[in-house]
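Residue-level listing of the chains:
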Amino acid sequence: QVQLVESGGGLVQPGNSLRLSCTTSRITFRLYAMGWHRQAPGKQRELVANITTGRNTNYADSVKGRFTISRDNAKNTVFLQMNSLKPEDTAVYYCNAAMESDSTFFNFWGQGTQVTVSS
């Protein structure tokens, strides 16, 4: 059974930092594009950042310059370094793994980790 397990969420004050981790099992991690998404109460889930197998990255405009996504293929883990956090970053953050092979799309999600930015 494929598992994506997020960790590192919590309560922080505005301006502070958090580092999220997502460790995967039962997938060939290096073949998957990895992403972080978030969902705030009453809002749709949105893409925060993603990183391809070739380590190309993409960020939502709202987090550019503050968040950094990275991956460690040896540890089957993707990270999201979040700096200069704002109250509007408050959300449940979800890890995603995606791959297309022979016209079949594989897509897996973690259970989410809560990030709350508040003074």
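Residue indices follow the written sequence of each chain, beginning from 1 at its first position. Only residues with pLDDT of at least 70 are given local features in this predicted model, and only at 80 or more are side-chain atom pairs given and counted; all residues enter the totals for whole chains, interfaces and linings. Values reported for side chains reflect all heavy atoms of the structure, with hydrogen atoms and water molecules removed beforehand.

Trainee: Help me get a handle on the packing of aromatic side chains, residues and values and all.
Mentor: Side-chain rings of Phe, Tyr and Trp (the six-membered ring for Trp) are treated as a pair once their centres are within 6.5 Å; stacked means planes under 30 degrees apart, edge-to-face means over 60, and tilted covers the remaining angles. In the structure shown here, the tally under the stated rule is one aromatic pair. Between Tyr32 and Phe108 the ring centres are 6.2 Å apart and the planes differ by 45°, which places this aromatic pair in the tilted class. With Tyr32 in the loop between strand E3 (18–25) and strand E4 (33–39) and Phe108 in strand E10 (residues 104–109), this pair connects stretches of sequence that are 76 residues apart. Three exposure classes are used, based on accessible area relative to the maximum for each residue type with a 1.4 Å probe and protein chains only: buried under 20%, partly exposed in between, and exposed over 50%. By relative accessible area, Phe108 is classed as partly exposed at 23%. The ring of Trp109 has Arg45 lying over it, and the distance from NZ or CZ to the ring centre is 4.7 Å. Each helix is a run of H or I in the DSSP string that is no shorter than four residues. Each strand is a run of E no shorter than two, and both are numbered from the N terminus. Here, a charge over a ring is recorded when the distance from Lys NZ or Arg CZ to the ring centre is within 6 Å and its angle to the ring normal is within 35 degrees.

Trainee: Break down the layout of surface pockets for me, citing the residues and quoting the values.
Mentor: Both cavities and pockets are sets of points on a 1 Å grid over the protein atoms alone; in a cavity a 1.4 Å probe fits but cannot get out, in a pocket the set is open with protein on both sides within 12 Å along at least five of seven lines, and lining residues sit with an atom within 4 Å of a point. Grid points are joined across faces, edges and corners, and a volume is the space filled by probe spheres set on the points. Size it by volume and the largest pocket reaches roughly 170 Å³. If you go around the largest pocket, the residues you meet are Arg38, Gln39, Ala40, Pro41, Lys43, Gln44, Glu46, Ser62, Glu88, Thr90 and Ala91. Any residue outside Ala, Val, Leu, Ile, Met, Phe, Trp, Tyr, Cys, Pro, Asp, Glu, Lys and Arg is labelled polar, Gly included; the first ten of those are nonpolar and the last four are charged. Broken down by class, the residue content of the lining of the largest pocket amounts to three nonpolar, four polar and four charged.

Trainee: Talk me through the side chain of Ser21; I want residue IDs and the actual numbers.
Mentor: On the secondary structure map, Ser21 appears in strand E3. Note on contacts: a residue pair is in contact if any heavy atoms of the two residues lie within 4.5 Å. Discounting residues that sit within four places of it in the chain, Ser21 has contacts with Val5, Glu6, Ser7, Trp36, Thr77, Val78 and Phe79.

Trainee: How would you summarise the pattern of salt bridges if you had to cite specific residues and measurements?
Mentor: When a carboxyl oxygen of Asp or Glu lies within 4 Å of a side-chain nitrogen of Lys or Arg, that pair is called a salt bridge. Under the definition given, this model contains four salt bridges. Here Asp89 makes a salt bridge to Arg66, at a shortest N to O gap of 2.8 Å. Here Asp89, found in the loop between strand E8 (77–82) and strand E9 (91–101), pairs with Arg66, found in the loop between strand E6 (57–59) and strand E7 (67–72); they are 23 residues apart in sequence, far enough to count as distant. Judged by its relative accessible area of 1%, Asp89 falls in the buried class.

Trainee: I'd love a proper account of the nonpolar core, names of residues and values included.
Mentor: In a soluble, globular protein the nonpolar side chains are often hidden away together inside. Met34, Trp36, Val78, Leu80, Met82 and Tyr93 are the most contacted members of the largest nonpolar core, which has 30 residues in total. Only E3, E4, strand E5 (46–51), E7, E8, E9 and strand E11 (113–117) provide two or more residues apiece to this core. The biggest single contributor to this core is E9, with five residues. Other than its neighbours up to four places away in sequence, Leu80 contacts Leu18, Arg19, Leu20, Trp36, Val48, Ala49, Phe67, Thr68, Ile69 and Tyr93. Side-chain atoms within 4.5 Å are what join buried Ala, Val, Leu, Ile, Met, Phe, Trp, Tyr and Cys residues into a set we call a nonpolar core.

Coordinates in, geometry out; function isn't part of it.
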